[in-house]
Structure formats: C-alpha cells, structure tokens
Amino acid sequence: MKLHCIDNPKNEKRDVIIVSVPWTDTKIPLMAPAQLKPVVESAGMSCLATDLNAEIYSWAQAHPKTEQLLKFFFNESLYPEVKDDLFELMSSIAEQILAWKPRIVGLSVFTYVNQVSAKWIAWAIKKLDPNVTIIIGGAGCLPTFTGPSIFAKKLIDAGLVDYHIRGDGEHSLYQFLIKNKEYAGINSLEWQELSMEELRKLPSPDYSEYHFENYEKEALPIVGSRGCVRRCKFCDYIANWKKFNWRTGEDIFSEMKSQYKKYGIRFFKFQDALTNGNMKEFTVLTKLLSEHNLANPDESLGWNGHYIFREHNSNTEREWQLVADSGADWLAVGIENLNQHIRYEIGKKFSNEAIDVHLEMAYKHNIHVQLLNIVGWYNETQEDIDFIKQWLRDHTKYKHLLNLQFGGTLGIFPNTWLEANFDKLGLERVNDSPQGWVNRKIDSTPKKRAQWAMDINELANSLGYTTASNLDNHFILESMINDKV
C-alpha cells in the first residue's frame, strides 16, 4: 500500500521523521509534526514532518468495512474481514518511513484513540529495524493531562518505544536532540511549560510536506494561547497548563498573513482552549482582521475556534460585529450544561439569558455555533435532562446555525476538583474509566447517563438540529449502554 505523505521516490535521507498517527476525526491538518519540524532543524538535523493520520483517515472512510476498522483503532478489535488490510497498512507505513533512513522516528499521539495504531506502527518499525530510536508524545499518551503514562511505560518496557516526551515538546524535544536526555519532560513526569516570551518567539509551523488534498476543509491550525482563564470543576487541562499565556493580536495576525502567502490558505482554525481569553488582545486581532478583510475582499482571512460566552453587557453587540467582520464562520462554546444552576456550579457563570443574547447575535451575523455539553453532572437528575429537552424545543429558531455536542458523559479525572471531592460528593467507582462512577443517591450510573445522551441526541435530530453524529461518539455511547453498570 503506497502512502503518498511518506513516499520517498527520490531516495532522500532525513535524520528525523515525525508523523501524526490515526485515528483522529478531523477535517483539517494536525499541527504537531509541522510545529516540531522547526525545532528539529534548529538542532541541526533534517526532518520530514507530515500528517499520516489524514491519508489513513481518508482510506478508512472510503473502505467498505469502515466500522470494523474504527473498532480496531478504538479497542484493537481485529475482525477477519479487515485483518489483512490492517497488517498491510502497518507494514507499508514502517517500510516507507524506514526508506528515509532516519535515526529517530517521532509518533504524535493526539488522542487516546491514536494509541492502538501508535503501538502497531512502532511494532512494525522495530520489527524491520530494532536500532531506530522511536519517540512518542502528545496528549493521547495519557489517560488524563496529568499523571504517569501507563501506555508509554508499557511500550517502553516492551521495547517498542525508546522515549516518551510530554508537555510542551518544543523544549524537551530540542534538548533530546542535542543529547540532553535527562531534561524535564523526557521519560519523566515533570516538564517545563513555555513562558509567555517563549510562546511569542516560536517559529511558524512548517506544513511544506503536508498533502492538502487529503483534507475536507482548506484550513491551517494556529495557536494564539496556551492554558485557560476558567477553572471548571471537571477540567484537568488547567492542572497541566497552570498559566494562561497568550500571543499578541499583532503577532497572530502576522502569522496568518505569512502562512497565507506561503501556502495560499486563508482560513485558520485556532487550537487554543479559548480564543477570547484575553479580550484586549482578541479585540486587537479582530480589528486587524476586520480592517484587512474590508480593504482586501478578494484576499480576506477567516477563522474559527473555541469561544467563551460571558455575561452580556453594553459591549456585547460590538464584540459580535468585530467577530463577524474578522471572518469567523463558527465558534465552539463550552456551554457544558443548559441548566443554569449546573453551569454555575461547574464554574461557567453566565446566565441562560446571556446564552439567548449571544445566540441572537450569532443569528444576526450568521455565525455558526457549536455548543459543547457534558451530560450527567454528578448530581444531574431526570428533571434536569427534561429541562434540556424543553430548551431544545424552545430554541429551534437557531437550529440552522447550531451544532450540538451531547456525545460525552461526565468523566472524572485526576487533578480535578471533582476527583479531589469524590468521596465528599458521595460518589463510588465501578470501573477504571473516567465515566465509571455512580451516585447511588440519585441512581446515576454510566449506563443511564449514556442513555440520556443518546435520548437528547435523538430528540435534537428529530427537531432538525445538527448533532455530533460521527461514528466514534456512537461507538462510545453504545458501548456504555451495553455495559452491565
């Protein structure tokens, strides 16, 4: 099986190969290999950095047995009808990577669903060349953002992987390449977070070896900040990135123009936890983009990303006007729950009235909004679920611009407020998964919460809303419903 993104028709040599591994359901490039390529080159080494996930994602989606392939990527189920294809895939990946004669291979594990293919690709590479050094990194190596990586340890103990790099890899990868292998973040729990100054000095990602024809949307990832200004009770992200660091609006705007000039792509997807965490710099950026788009209608720039709803005030309408003029086409908003009392308890203190005001502004400017929801807060009841269902019936005016995500039920992770107060809240563990908890006082179980999510999705679909209908969400929910708990 020939994979164009790692093909080497001229028999070139690269010191380091960095690839993103499948399965990640995305319509745009994965950023990590492109972000790390300048780091490798700054250490005096040559590098091939590309998005292997994109090509395999397209292959799997076009395969007549997509569902069986997906179950392999999720839980390593190896169905007879796809077994030969998967072995051929893994062998081809290993052969083509090693054709570049690299000293080091980096596997970018973006989500936990990448773990199965990362293991198999590492196995296939080591089988052909046990002397090549394999590094893995990325949030998907960890069950949570914090704590040890059991996955990485297993692969290292099995001899499939040599090193695990965690956290902001721009520091630790560089140190690894200059042979400082004792540096924080290399096979260690501790790592060094990028400072504000360092974040602003990072070189732009290098997408020169990406194959843009593999993507459904012509867009580039971009980072404007790291960390978050919220302190939500369910979130472990803030335990890893303890500070909210941001780039200036002028700096981000400059990168957008530069990347457009280089690749001819005018649309950008922010990878930040939120785009408008620093409202001063966000306003600078949206003003610059608005002025550029007005002056250059044939070369206008656009973007989307995660956005905070705040309580509405006298500036709300002006902010939305700038968002619209700056080229935003959709915003992902962590509503978390449509019940105001639950949302306040989580740490998202904006009212249901504020949601209505923001949705009306989005409606006015035709900006699509993705509402991200967690079903089954630790004390959520059937009455709260009924309120959500009624909210959906009452807000069908906005159904053409809303994308509703009810796919994830509440997971309780280490280093979160929920985990620290687990016993005080009267919760019990029934299995090792983040969703494997019960609240017997209100009969809240993983199965019931998964059924709530399915019921809400079905109602939303029947009302004409767009919902998260991708295969992986259904796979997770159906697995939970079919469980004994």
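Remember, it's a predicted structure, so these values are computed and weren't measured experimentally.

1. Side note on the overall build of the protein
Turning to step 1, where the next piece is worked out: Of the regular secondary structure elements, the protein holds 18 helices and 16 strands.
Turning to step 2, where the next piece is worked out: Rg of the C-alpha trace for the protein: 23 Å, near the compact-globule value of 23 Å for 485 residues, within the 12% margin.
Turning to step 3, where the next piece is worked out: C-alpha atoms of the protein, sized along the principal axes, occupy 60 × 60 × 45 Å.
Turning to step 4, where the next piece is worked out: Out of the 485 residues belonging to the protein, those deemed buried represent 55%.
Turning to step 5, where the next piece is worked out: Long-range pairs, those at least 24 residues apart, make up 75% of the contacts in the protein with a sequence separation of at least 6.

2. Section: the pairing of strand E2 (residues 47–50)
Where a strand is regular, its side chains alternate between the two sheet faces.
Turning to step 1, where the next piece is worked out: Neither face of E2 is exposed, since Cys47 and Ala49 on one face and Leu48 and Thr50 on the opposite face are all buried.
Turning to step 2, where the next piece is worked out: Strand direction decides the pairing type here: strand E1 (residues 16–20) and E2, joined by four bridges, are parallel. From the neighbouring strand, valine 19 faces E2, where its bridge partner is threonine 50.
Turning to step 3, where the next piece is worked out: At this point the chain moves from E1, through helix H1 (residues 32–42), to the parallel E2, and the crossover so formed is right-handed.

3. Some remarks on the state of the cysteines
Turning to step 1, where the next piece is worked out: Per the stated rule, a full pass over the model turns up zero disulfides.
Turning to step 2, where the next piece is worked out: This cysteine, cysteine 228, is not joined by any disulfide, and cysteine 235 carries the nearest cysteine sulfur, 6.4 Å off.

4. Some remarks on the sheet that holds strand E6 (residues 220–222)
Turning to step 1, where the next piece is worked out: The sheet built from seven strands is open, its strands ordered E6-E9-E10-E11-E12-E13-E16 with parallel pairing. Two strands close off the open sheet at either side, each with one partner strand: E6 and strand E16 (466–467).
Turning to step 2, where the next piece is worked out: Both strand E12 (residues 368–375) and strand E13 (residues 402–409) contribute to a ladder of six bridges, which runs parallel. Looking across to E13, one finds that glutamine 370 is bridged to asparagine 403.
Turning to step 3, where the next piece is worked out: Docked against the sheet, helix H17 (residues 446–462) engages E12, E13 and E16, running at close to 165° with respect to E13.

5. Describing the pairing of E13
Turning to step 1, where the next piece is worked out: Handedness of the crossover joining E12 and E13 through helix H15 (residues 382–394): right-handed.
Turning to step 2, where the next piece is worked out: Bridge analysis of E13 against E16 gives two bridges, and the strand direction is parallel. Each bridged residue has a counterpart across the sheet, and for asparagine 403 the counterpart in E16 is threonine 466.

6. Remarks on the pattern of salt bridges
Turning to step 1, where the next piece is worked out: For the structure shown, the criterion picks out 21 salt bridges.
Turning to step 2, where the next piece is worked out: Put simply, arginine 14 and glutamate 209 hold a salt bridge, and the shortest N to O gap is 2.5 Å. On the criterion of sequence distance, the pair formed by arginine 14 in the segment before E1 and glutamate 209 in the loop between helix H8 (196–201) and E6 is long-range, its members being 195 residues apart. The same class applies to arginine 14 and to glutamate 209, which are both buried.
Turning to step 3, where the next piece is worked out: As a salt-bridge pair, lysine 364 and glutamate 317 come within 2.6 Å of each other at their nearest N and O atoms. Here the residue lysine 364 occupies a position in helix H14 (residues 352–365), and glutamate 317 occupies one in helix H12 (residues 316–325), the gap between them amounting to 47 residues.

7. Regarding a nonpolar patch on the surface
Turning to step 1, where the next piece is worked out: On the surface, Leu78, Phe87 and Trp123 cluster together into a nonpolar patch covering about 230 Å² of accessible area.
Turning to step 2, where the next piece is worked out: In this fold, tryptophan 123 is placed in helix H5 (residues 115–128).

8. Quick word on the packing of aromatic side chains
Turning to step 1, where the next piece is worked out: If you walk through the whole model with that rule in mind, you get 21 aromatic pairs.
Turning to step 2, where the next piece is worked out: Plain terms: the ring middles of tyrosine 307 and tryptophan 320 are 5.7 Å apart, the flat faces sit at 55° to each other, and that makes the pair tilted. With tyrosine 307 in strand E10 (residues 302–307) and tryptophan 320 in helix H12, the pair connects residues that are 13 residues apart, well separated along the chain. Here tyrosine 307 and tryptophan 320 have matching classes, each one buried.
Turning to step 3, where the next piece is worked out: Ring-pair connections join several aromatic residues into one group, and the members of that group are Trp23, Tyr57, Phe72, Phe73, Phe87, Trp120 and Trp123.
Turning to step 4, where the next piece is worked out: The ring of tyrosine 363 has lysine 397 sitting right over it, with the charged end atom 4.7 Å from the ring centre.
Turning to step 5, where the next piece is worked out: Positioned above the aromatic ring of tryptophan 437 is the side chain of arginine 449, whose terminal nitrogen or guanidinium carbon lies 3.5 Å from the ring centre.

9. Details of the packing of helix H2 (residues 52–62) against helix H4 (residues 80–98)
Turning to step 1, where the next piece is worked out: Put simply, H2 and H4 touch, their axes get as near as 13 Å, and they point 160° apart. Classified by the interaxial angle, the pair formed by H2 and H4 is roughly antiparallel. For the pair H2 and H4, the sense of crossing is right-handed. Facing Leu52, Ile56 and Trp59 of H2, the residues of H4 in contact are Asp85, Leu89 and Ile93.

10. Focus: the sheet that holds strand E4 (residues 133–137)
Turning to step 1, where the next piece is worked out: Pairing in this open sheet of five strands is parallel, and the strands run E2-E1-E3-E4-E5 from one edge to the other. Each edge of the sheet is formed by a strand with only one pairing partner; in this case those strands are E2 and strand E5 (163–165). Going across the sheet, the axis of each strand differs from the next one's by a mean of 20°, ignoring polarity.
Turning to step 2, where the next piece is worked out: For strand E3 (residues 104–108) and E4, the ladder comprises five bridges, and the chain directions are parallel. Each bridged residue has a counterpart across the sheet, and for serine 108 the counterpart in E4 is glycine 137.

11. Overview of the side chain of serine 351
Turning to step 1, where the next piece is worked out: Here serine 351 shows up in the loop between helix H13 (340–346) and H14.
Turning to step 2, where the next piece is worked out: Beyond its immediate chain neighbours, meaning those up to four positions away, serine 351 contacts Glu311, Gln340, Arg343 and Tyr344.

12. Digging into the packing of helix H11 (residues 279–295) against H12
Turning to step 1, where the next piece is worked out: In contact at an axis separation of 8 Å, H11 and H12 are set at 50° when each is read in the N-to-C sense. As judged from the angle between their axes, H11 and H12 are oblique. The element H11 and its partner H12 pack so that their crossing is left-handed. Together, Met279, Phe282, Thr283, Thr286, Lys287, Leu289, Ser290 and Asn293 of H11 and Glu319, Leu322, Val323 and Asp325 of H12 make up the contact between the two elements.

13. Focus: the environment of proline 148
Turning to step 1, where the next piece is worked out: As for its position among the elements, proline 148 is in the loop between E4 and helix H6 (150–157).
Turning to step 2, where the next piece is worked out: For the pair formed by proline 148 and asparagine 187, sequence separation is 39 residues and the distance between their alpha carbons is 9.7 Å.

14. Some details on H2
Turning to step 1, where the next piece is worked out: If you check which residues of H2 are buried, you get Leu52, Asn53, Ala54, Glu55, Ile56, Tyr57 and Ala60.
Turning to step 2, where the next piece is worked out: On its buried face, H2 sits against E1, E2, helix H3 (66–75), H4 and H5.
Turning to step 3, where the next piece is worked out: Between a side-chain oxygen at the N-terminus of H2 and the backbone nitrogen of asparagine 53 the separation is 3.3 Å; the capping residue is aspartate 51.

About the thresholds
Residues numbered from 1 in each chain as written. Predicted model: local features only at pLDDT ≥ 70, side-chain atom pairs only at ≥ 80, totals over all residues. Heavy atoms only, no water. Helix = DSSP H or I, 4+ residues; strand = E, 2+ residues; numbered from the N terminus. Rg over C-alpha atoms; globule rule 2.2 N^0.38 Å. Buried < 20%, exposed > 50% of the residue type's maximum accessible area, 1.4 Å probe, protein only. Contact = heavy atoms within 4.5 Å. Pairing = 2+ DSSP bridges. Right-handed = clockwise from strand over helix to strand, strands pointing away. Disulfide = S-S within 2.5 Å. Axes fitted to C-alpha atoms, helices over the stretch in contact; angles between N-to-C directions. Salt bridge = Lys/Arg side-chain N within 4 Å of Asp/Glu carboxyl O. Patch = residues over 30% accessible without salt bridge, like charges linked within 9 Å, V, L, I, M, F, W, Y side chains within 5 Å. Areas by Shrake-Rupley, 256 points an atom, 1.4 Å probe, with all protein chains shown as cover. Phe/Tyr/Trp six-rings, centres within 6.5 Å; stacked < 30°, edge-to-face > 60°. Lys NZ or Arg CZ within 6 Å of the ring centre and 35° of its normal. Parallel < 35°, antiparallel > 145°, perpendicular 65-115°, else oblique. Left-handed = near helix turned anticlockwise from the far one by under 90°. Polar contact = N/O pair within 3.5 Å; in protein donor to acceptor, adjacent residues only side chain to side chain.

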